Structure formats: structure tokens, C-alpha cells
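# Observations on chain architecture
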Amino acid sequence: MTPAPALPDLVATVEADAATAEPLAQLMTATTTAADLTRSGDDLIGHFVDRCRQAGHSWAEISDALGVSRQAAHKRFSRGEPPMERFTLRAKEAYRAATTEAQALGHPFVGTEHILLGLFTPSTSIAAHLLEGAGLTHDAVVDHVVAQAPRGTAAVDTAPPYTPRALSVLGAVLSSALSLGHDYIGTEHLLLGLHREPEGVGAQILVAAGLDAETARAQVVAVLSGFPGQQA
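Please read these numbers as outputs of a predicted model, since none were measured by experiment. (Residues numbered from 1 in each chain as written. Predicted model: local features only at pLDDT ≥ 70, side-chain atom pairs only at ≥ 80, totals over all residues. Heavy atoms only, no water.)

## A few points about the side chain of H189
Heads up, the rule is: Put simply, DSSP marks the helices as runs of H or I at least four residues long and the strands as runs of E at least two long, and each gets a number from the N terminus on. For each residue, the accessible area found with a 1.4 Å probe, counting protein chains only, is set against the maximum for its type, and the residue is called buried under 20%, exposed over 50%, and partly exposed in between. Under the rule applied, a polar contact is a pair of N or O atoms within 3.5 Å (in protein, one hydrogen donor and one hydrogen acceptor; residues adjacent in sequence only if both atoms are side-chain atoms).
You can see H189 is positioned in helix α10 (residues 187–193). Classification of H189 by relative accessible area gives buried; the value is 0%. At a separation of 2.9 Å, a polar atom in the side chain of H189 contacts the side chain of H182.

## A closer look at the pattern of salt bridges
Going by this rule: Every case where a carboxyl oxygen of Asp or Glu lies within 4 Å of a side-chain nitrogen of Lys or Arg is listed as a salt bridge.
Tallied over the entire structure, the rule returns 1 salt bridge. A salt bridge links R165 to E197, with the shortest nitrogen-to-oxygen separation between them at 3.7 Å. Taken together, the residues R165 in helix α9 (residues 164–179) and E197 in the loop between α10 and α11 (201–208) connect sequence positions 32 residues apart. The exposure class of E197 is buried, given its relative accessible area of 18%.

## Here's the deal with the nonpolar core
The test is simple: Here, nonpolar core means buried Ala, Val, Leu, Ile, Met, Phe, Trp, Tyr and Cys residues that are tied together by side-chain atoms lying within 4.5 Å of each other. Contacts were defined at the residue level, with two residues in contact if any of their heavy atoms lie within 4.5 Å.
The biggest cluster of nonpolar side chains holds 42 residues, and the ones touching the most others in it are L119, L131 and L191. Among the secondary structure elements, those contributing two or more residues to this core are α5 (89–104), α6 (112–118), α7 (126–133), α8 (138–148), α9, α10, α11 and α12 (213–226). Not counting the four nearest positions on each side in its chain, L191 is found in contact with L119, A127, L130, L131, L206 and L211.

## Things to note about a nonpolar patch on the surface
Formally: Patch membership requires more than 30% relative accessible area and the absence of a salt bridge. Residues of like charge join within 9 Å; the nonpolar side chains Val, Leu, Ile, Met, Phe, Trp and Tyr join within 5 Å. Residue burial considers only the protein chains on display, and all accessible areas are found by Shrake-Rupley using a 1.4 Å probe.
A cluster of nonpolar side chains, L44, I45, F48, L66 and V68, forms an exposed patch at the surface whose accessible area comes to about 390 Å². Per element, the largest residue contribution to the nonpolar patch is 3 residues, and it comes from helix α2 (residues 23–54). If you trace the backbone, L44 turns up in helix α2.

## Regarding the packing of aromatic side chains
Test applied: Pairing of aromatic side chains here covers Phe, Tyr and the six-membered ring of Trp, requires ring centres within 6.5 Å, and sorts the geometry by plane angle: under 30 degrees stacked, over 60 edge-to-face, intermediate tilted.
Under the criterion given, the structure shown has 2 aromatic pairs. For the pair F87 and Y95, a centre-to-centre distance of 5.7 Å together with 70 degrees between the ring planes defines the contact as edge-to-face. An identical accessibility class is assigned to F87 and Y95; each is buried. Relative to Y162, the ring of Y95 has its centre 6.2 Å away and its plane inclined at 10 degrees; by these criteria the two rings are stacked.

## Topic: the side chain of H114
Relative to the assigned elements, H114 resides in helix α6. When sequence neighbours within four positions are dropped, the list of residues in contact with H114 reads A98, E101, A102, L105, H107 and F109.

## Description of the packing of α7 against α12
Under the convention used in this document: For helices, the fitted line uses only the C-alpha atoms of the stretch in contact; every axis is such a line through C-alpha atoms, and the angle between N-to-C directions lies from 0 to 180 degrees. Each angle gets one of four labels, with under 35 degrees taken as roughly parallel, over 145 as roughly antiparallel, 65 to 115 as roughly perpendicular, and the rest as oblique. Here a crossing is called left-handed whenever its near helix is offset anticlockwise from the far helix by less than a right angle, and right-handed whenever the offset is clockwise.
One can describe the packing of α7 onto α12 by two numbers: an axis separation of 11 Å at closest approach and a directional angle of 120 degrees. Classified by the angle their axes make, α7 and α12 are oblique. In terms of crossing hand, the pair formed by α7 and α12 is right-handed. Across the interface between the two elements, I126, H129 and L130 of α7 pack against Q219, V220, V223 and L224 of α12.

## Points about α8
Test applied: The directions from the helix axis to the C-beta atoms form the arc being described.
Buried residues of α8: V141, V142 and V145, and no others. Axial view of α8: buried residues confined to an arc of 105 degrees, hence all on one face. The outward face of α8, more than 90 degrees from its buried face, is lined by the exposed residues D139, D143 and A147. Those residues of α8 that are buried lie in contact with α6 and α11.

## Comments concerning the environment of G186
Structurally, G186 is set in the loop between α9 and α10. In this structure, the C-alpha to C-alpha distance between G186 and A91, residues 95 residues apart in sequence, is 5.0 Å. Not counting the four nearest positions on each side in its chain, G186 is found in contact with T88 and A91.

## Notes on unusual backbone geometry
Looking along the chain, the bond that leaves T121 and enters P122 is cis, with omega of -5 degrees. Counting through the fold element by element, P122 comes out in the loop between α6 and α7.

## Overview of the confidence of the model for the chain
Heads up, the rule is: Within a predicted model, pLDDT stands for the predictor's per-residue confidence, ranging from 0 to 100.
Model confidence for the chain is summarised by a mean pLDDT of 85, while 87% of its residues fall at 70 or above. By mean pLDDT, helix α4 (residues 70–77) is the weakest element of the chain at 66, and α6 is the strongest at 97. The low-confidence segment residues 228–232 (pLDDT under 50) makes 5 contacts with residues lying over four places distant or belonging to another chain.

Okay, structure coming up:
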């Protein structure tokens, strides 16, 4: 097994990264480094927990592998919204647009269908490009959504809550990113995350348009390989 970074290596990294050799400056840098290591460790375990869930393993089996109680495992890794600091600017815009789309339709919830609608904003994002390539337009998706959940009659002034499926999608986007070797979350990962809930309206619309999980992943890889660095 590949060993974790050794303490001397971490000390050397902190000393090299600190602004000065002054102990307090190094302590501040060490604190930031330790926090990054903790976050990366949690993300690493969460990624493989997500894989186990996709493979059909129960929370009881996962908790046994982790050596913690089922309740503790579920509470720690049954995550909803991913850390926003990993979102690109376009992904943040699309994420906010999902709530706006739900409110515009008068829906008292944010579902996978609203996450899909949010991906049309901004129009220059990778997800929007792939949706356009699949022949999907914002208006066409709205028609699909309204056919299943008619427009509400009352204005929704407060931010509506996310449905369990929508939270599951958001909880899976980091895993989607990590599976591609990315440590950020872009609109393309939000798009791929929709397929983690195949019964959700968002995934069903994508599949009907020919953008199933494998096709979507292949197209994301193809687009990113065409212009490295664009994701930033």
C-alpha cells in the first residue's frame, strides 16, 4: 500500500509554503495544510462510499467496513450539497439557477428537473453545450417538466427545499468529478450527477434525448480533451 505523506515531508512542505520562517507564520500555514488534508481524506472516503452505494451495498455493510456505527456512517457520508468552494463560477451560477427555475414554475421544491434547467445557465458552459448538442432547449425541457408537474399558481418567494433525489444528485457530483481525475466541480459534473438518480425527471429527459450516462461521460471527456484548462 502506498504510504501517506510522512511527517518530515509535511513539515518541509509547511516550511516551504510559509510566508516567513517565523514560527507563528508557519503555524498558520500548518493549520491550513492540516485542514486541507482532513478535507481531502473525507472526500476520498466519501468517493468510495458513493461507489459502494452504487454497487448496491447497504449502510450496514459500509459501516462495518468503516468500523463505525450505521448511524454514524449514514450521517457522515449521506451528504447533500457538496462544498461550494469546489464549484467553478459557472457551476455556482447553474446551481443558483436551479432554485430560480423552480420558483419561476411555482414549484415548492427543487428537483432533478430544476437542476437540469439550471444547466442552461450560463449558456457558455460545458453542460449547456452538451445539452444543445443533444437537441435539448430550455423551453423544450420546461414543456417536459410542466407535463409531469404543472405550474404552481402561487408565487414562491422563499427558496424551496431540495427533494431527496436532488440532494442525492448534488451529493454525487464530487464523486463524478473525482472519477474523471478532477478536484473541482463544473457544470459537466452536475450534468453527470443527474444520472446517479435514473428515476429522476432530469435523468429521464437526458436519456430520452440520447444523452445517457455513458454517452454523457464520453462527451464530457471529449470536450475537456479538446481544450485543456477550460474547466477553470
